[in-house]
Amino acid sequence: MALYVQKFGGTSVGSVERIKAVAEKVKGFRDQGHQVVVVVSAMSGETNRLTDMAQALNEDPAPREMDMLLSTGEQVTISLLAMALQQIGVSATSHTGAQVGIHTDNAYTKARIQRIETDDLRADLEAGQVVVVAGFQGVDEDGNITTLGRGGSDTTGVALAAALGADECQIYTDVDGVYTTDPRVCSRAQRLESITVEEMLELASLGSKVLQIRAVEFAGKYNVPLRVLSSFEDGPGTLIVAEADQDEDAMEEPLISGIAFTKNEAKLTLLNTPDVPGVASRILGPIADANIEVDMIVQNVAPAGDYTDFTFTVAKGDYKATKKLLEETVIPDLGGGELRGDDNIAKVSLVGVGMRSHAGVASKMFRVLADENVNIRMVSTSEIKISVVIDEKHMELAVNALHKAFGLDKADIESE
């Protein structure tokens, strides 16, 4: 007998029919003798509906009241799923985050879990119950309802799995696993049998939307086996593990697990800024104070040595605000400089733990892009990642060319 924590997203519980299908899936595990905790999101579209109503009344609603409102979406789902399970002969009990003992700090709309009380939850499991828990929510020390932020139900699932010492945390979604890249962009993308926590964190941070980053971090920190599965079809999914399990032959070639990409980038360059200590802080300090996150940074030294060009990227949604801040605050503070911007760029990234032990991945990436006449604007690297900024119009061409060059195409895998 194993203990599984299963999380179902909004699409998976988006209608009464789908809730019935989830109940049947859970029943299959219960019939095999396993203990099951089910974490669910609000039905698809419900959180947006509630948010729209709130903003129709108040353009800037109080965060505490937003948490009170948005937490009701999951409460609807847990009760309906418990009813569906009971209807097919499965003993089930629903719990809100507060009832199950998920304690958080008081940072409304983006709370972090501090501890989970598991005594009552374990008692229900020992009594043969399927425990249905509202994802995305908890309670602070004063008894106020809190929510964990976007994608918080994934975090709830992994946190409960860690607290209970579950054999596996299963994330059910509308895809059947983690792919080498987005199949909508590269038709020859293939599903991965497994991927490391490190790689999944990189992919999630670079644009892959399969899992929420905090959930992956939680899984890595507490060594929770995490599997991504489809709610709508059977299959093994993708297992996310602490470390790669590679045989000797697999170590022969550079291992790239996936290619991530995003168009949600904008590039800004300050030309002819003074090449003196503290200039980077004077540029980025006001941007940080405006709560704008900077991604990639490149600083060049001009031939004369007195001036430099400073380039960085931000989210496309922050482009106009950042540009205005540079023009009105930073450039006057620096005593001049020319500003150039471009919001028609994309970031393409190779991710793989094999980069640690294999040289030449970057040079091969650059050669492949050069062969396709794709110009590289910026480069950023880490131990297991290489990212390049290119023109947005070349993104799909670059992804497909790199996917083939690094042996990730379905035909290449199947012929090995």
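Residues numbered from 1 in each chain as written. Predicted model: local features only at pLDDT ≥ 70, side-chain atom pairs only at ≥ 80, totals over all residues. Heavy atoms only, no water.

- The protein appears in an unreviewed UniProt entry as Aspartokinase from Vreelandella sulfidaeris.
- If you open the UniProt record of the protein and go to Sequence similarities (unreviewed entry), you find "Belongs to the aspartokinase family." (UniProt positions renumbered as here; feature names shortened; annotations may be inferred.)

1. Thoughts on the side chain of His-358
Logical step 1: Tracing the sequence through the fold places His-358 in the loop between β16 (338-351) and α11 (361-371).
Logical step 2: Separated by 2.9 Å, the side chain of His-358 and the backbone oxygen of Gly-354 make a polar contact.
Logical step 3: A polar contact of 3.2 Å, which involves the side chain of His-358, links it to the side chain of Ser-357. (Helix = DSSP H or I, 4+ residues; strand = E, 2+ residues; numbered from the N terminus. Polar contact = N/O pair within 3.5 Å; in protein donor to acceptor, adjacent residues only side chain to side chain.)

2. Some remarks on the sheet that holds strand β11 (residues 226-230)
Consider a sheet: its strands pair through backbone hydrogen bonds, and that pairing is either parallel or antiparallel.
Logical step 1: The sheet built from 8 strands is open, its strands ordered β3-β6-β2-β1-β9-β11-β12-β10 with mixed pairing. Two strands bound the open sheet, and with one partner strand each, they are β3 (92-95) and β10 (194-196). Averaged over all pairs of adjacent strands, the angle between strand axes in this sheet comes to 20°, irrespective of strand direction.
Logical step 2: Where β11 and strand β12 (residues 238-241) come together, 3 bridges link them in antiparallel fashion. Across the sheet, residue Val-228 finds its bridge partner in β12, namely Thr-238.
Logical step 3: Against the sheet, helix α7 (residues 197-205) contacts β10 and β12, and its axis sits at roughly 85° relative to β10. (Pairing = 2+ DSSP bridges. Axes fitted to C-alpha atoms, helices over the stretch in contact; angles between N-to-C directions. Contact = heavy atoms within 4.5 Å.)

3. Some details on unusual backbone geometry
Logical step 1: With phi around 60°, Asn-272 is a residue other than glycine that occupies positive phi space.
Logical step 2: Tracing the backbone through its elements, the reader meets Asn-272 in strand β13 (residues 258-274).
Logical step 3: Residue classification places Asn-272 among the partly exposed positions, given a relative accessible area of 46%.
Logical step 4: Unlike most non-glycine residues, Asn-291 shows phi in positive territory, near 60°.
Logical step 5: Here Asn-291 lies in the loop between α9 (279-289) and β14 (294-301).
Logical step 6: Asn-291 sits in the exposed class, given a relative accessible area of 69%. (Buried < 20%, exposed > 50% of the residue type's maximum accessible area, 1.4 Å probe, protein only.)

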